[in-house]
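# A look at the structure
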Amino acid sequence: MNEHRYTLASNKVPKLNCSYCGAKKHWQRYIDIETGEVLPEQHGRCDNEGKCGERVTPKQTGYAKAIWEQEQGNRSELPNNWKPQRKKAMPQPTPEPVFFDIETFKQTLEPERYEKNTFIQNLFYRVQFPFVVDEVTKVIQLYRLGTVIKGSWTGAVTLPYIDKKGFVRTIQVKKFDEQNHTTVQNKLDKVILSGLKKENRAVPEWLTKHIEYGDEYGYFTCLFGEHLLSKYPNNPVALVEAPKTAIYGTLYFGLPETPESLIWLAVFNKSSFTSEKAFDKLKVLQGRFVYVFPDLSKDGNTFKEWETKAKEYESRLAGTRFIFSDLLEQLAPEQDKSEGKDIADYLIKHDWRQFRKRNIQEQPPQPEPEKVTKV
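Residues numbered from 1 in each chain as written. Predicted model: local features only at pLDDT ≥ 70, side-chain atom pairs only at ≥ 80, totals over all residues. Heavy atoms only, no water.

Note that E276 resides in the loop between β10 (263-266) and α10 (278-282). The spatial distance from the C-alpha of E276 to the C-alpha of Y20 is 8.4 Å, given a sequence separation of 256 residues. (Helix = DSSP H or I, 4+ residues; strand = E, 2+ residues; numbered from the N terminus.)

As structure tokens, this is what we get:
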């Protein structure tokens, strides 16, 4: 079976709206090189890489195999002008995931790196209500946050997606400005590959296989913070879109130190809660109370889509409750909705000490923070 028979179409083939992230005219179709036909619309790639990048290949759905088997059985009897009759694609079992290399992952966690980590340093010095070292350290350890210290990505924070069994599925890397707004993002495997190619160095086998698997079956196949579900088996969950929001939630409401404390997890992006693959990711939440905080959106579309989808998940996950609050939807100004702000954008305006579940006395004047070199 020719694996290279199907390829992404050129810009001459009109792009469709992406059903995963909703981006208009970003779904690039696949074509059959031998026949010149455009494949059914579910096959394609979202070229909105920064926010989505979803890909569905003919091999993944079983379409390529079905066509090949049909042609092998009928080729001798086919007239010259025959075109294959498309069989319904049969979904194929997904192979075992190729995890991120553990030694490379550990390098991102070296303590001396955090001095260069813009996101972490912002938490110490630049936010309106700076966090103390111990609190930030606990969150770093909780989510295994790391740092890139080489090349154009120097100072970026690494956000590992670790599954319930403790395997690193993928690592997102983000650069932030001094207001802790994302400026650019990527996946760490792609950043490493780019650096190796610039230096004309050999690409390790694990990296090639990891990228090939991710391109074929998806990178963000588990929740950010999912590994905490095993450590805290009875805690309720707070579910948000982005890892940054989950990190702020933990900084403000504290670690899950009691059975009533929230575990803050993130799905990755908007479509990661509603796409066809979302259920496979969310089924690890079975039996939990899940408090859901979608980002704001124009006309509240994200909130409505997530709430509708959550009802479907509840019917499939026994003992699971998805609980939504429309407080932000009711109170947020239209500009905030248009900008897609999230709960973290509101939390950061308040002193984090006021959110902890304990009696807080009047805080004495805070001394100037010392330079933090190790966390």
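Before going further, it helps to spend a moment on the pattern of salt bridges. Summed over the entire model, instances satisfying the criterion amount to 21 salt bridges. The closest approach of N and O atoms between E103 and K106, which form a salt bridge, is 3.7 Å. Within this pair, E103 and its partner K106 are both found in helix α3 (residues 102-107), separated by 3 residues, close to a single helical turn. Residues E314 and R321 are paired through a salt bridge, measuring 4.0 Å at the closest nitrogen-oxygen approach. Residue class for R321 comes out partly exposed when judged on its relative accessible area of 42%. Members of the salt-bridge network, linked through shared partners, are R5, D32 and E34. (Salt bridge = Lys/Arg side-chain N within 4 Å of Asp/Glu carboxyl O. Buried < 20%, exposed > 50% of the residue type's maximum accessible area, 1.4 Å probe, protein only.)

Moving on to the nonpolar core. Judged by nonpolar contacts, the single largest core of 64 residues is most densely connected at Y143, L239 and L285. Residue contacts for L239: discarding those within four places in its chain leaves L223, L265, A266, V267, F273, L282, L285, V290, Y291, V292 and F293. Counting residues in each nonpolar core, the second largest holds 11 residues, with V148, A156, V168 and I171 among its members. (Core = buried A, V, L, I, M, F, W, Y, C linked by side-chain atoms within 4.5 Å. Contact = heavy atoms within 4.5 Å.)

Attention now moves to the packing of aromatic side chains. For the structure on display, the rule yields 24 aromatic pairs. Relative to Y248, the ring of F119 lies with its centre 6.4 Å away and its plane at 70°, an arrangement referred to as edge-to-face. Of this pair, F119 sits in helix α4 (residues 118-125) while Y248 is found in helix α9 (residues 243-253), placing the two residues 129 residues apart along the sequence. For the pair F119 and Y248, a shared accessibility class is recorded, and that class is buried. The structure contains a cluster of three or more aromatic residues connected by ring pairs, namely F131, Y252, F253, W264, F293, W352 and F355. Note that K187 overlies the ring of Y219, its terminal NZ or CZ placed 4.8 Å from the centroid. (Phe/Tyr/Trp six-rings, centres within 6.5 Å; stacked < 30°, edge-to-face > 60°. Lys NZ or Arg CZ within 6 Å of the ring centre and 35° of its normal.)

With 6 of 6 residues buried, strand β6 (residues 157-162) is to be regarded as a mostly interior element. Of the two faces of β6, both are covered, the one formed by V157, L159 and Y161 as well as the one formed by T158, P160 and I162. As paired elements, strand β5 (residues 146-147) and β6 share 2 bridges and run antiparallel to each other. Residue pairing for β6: G146 is matched across the bridge by T158. Sheet topology places β6 next to strand β7 (residues 168-176); 6 bridges connect them, and they run antiparallel. What sits directly across from V157, in β7, is K174. (Pairing = 2+ DSSP bridges.)

On to the sheet that holds strand β4 (residues 55-56), then. What the 4 strands build is an open sheet, ordered β1-β2-β3-β4; its pairing is antiparallel. In this open sheet, the two strands that pair with only one neighbour each are β1 (6-8) and β4. Relative to strand β3 (residues 44-46), strand β2 (residues 27-32) runs antiparallel, the two sharing 3 bridges. By the bridge assignment, Q28 is partnered in β3 with R45.

Time to look at the pairing of strand β12 (residues 321-324). Walk down a regular strand and you will see the side chains alternate between the two sheet faces. Going residue by residue along β12, you find F322 and F324 tucked away on one face and R321 and I323 left uncovered on the opposite face. As judged from the 4 bridges shared by strand β11 (residues 289-292) and β12, these two strands associate in the parallel manner. Considered in β12, the bridge of V292 is made with F324. Regarding the hand of the β-α-β motif, the stretch spanning β11, helix α11 (residues 301-316) and β12 is right-handed. (Right-handed = clockwise from strand over helix to strand, strands pointing away.)

Interpretation in functional terms is not warranted from these geometric data alone.
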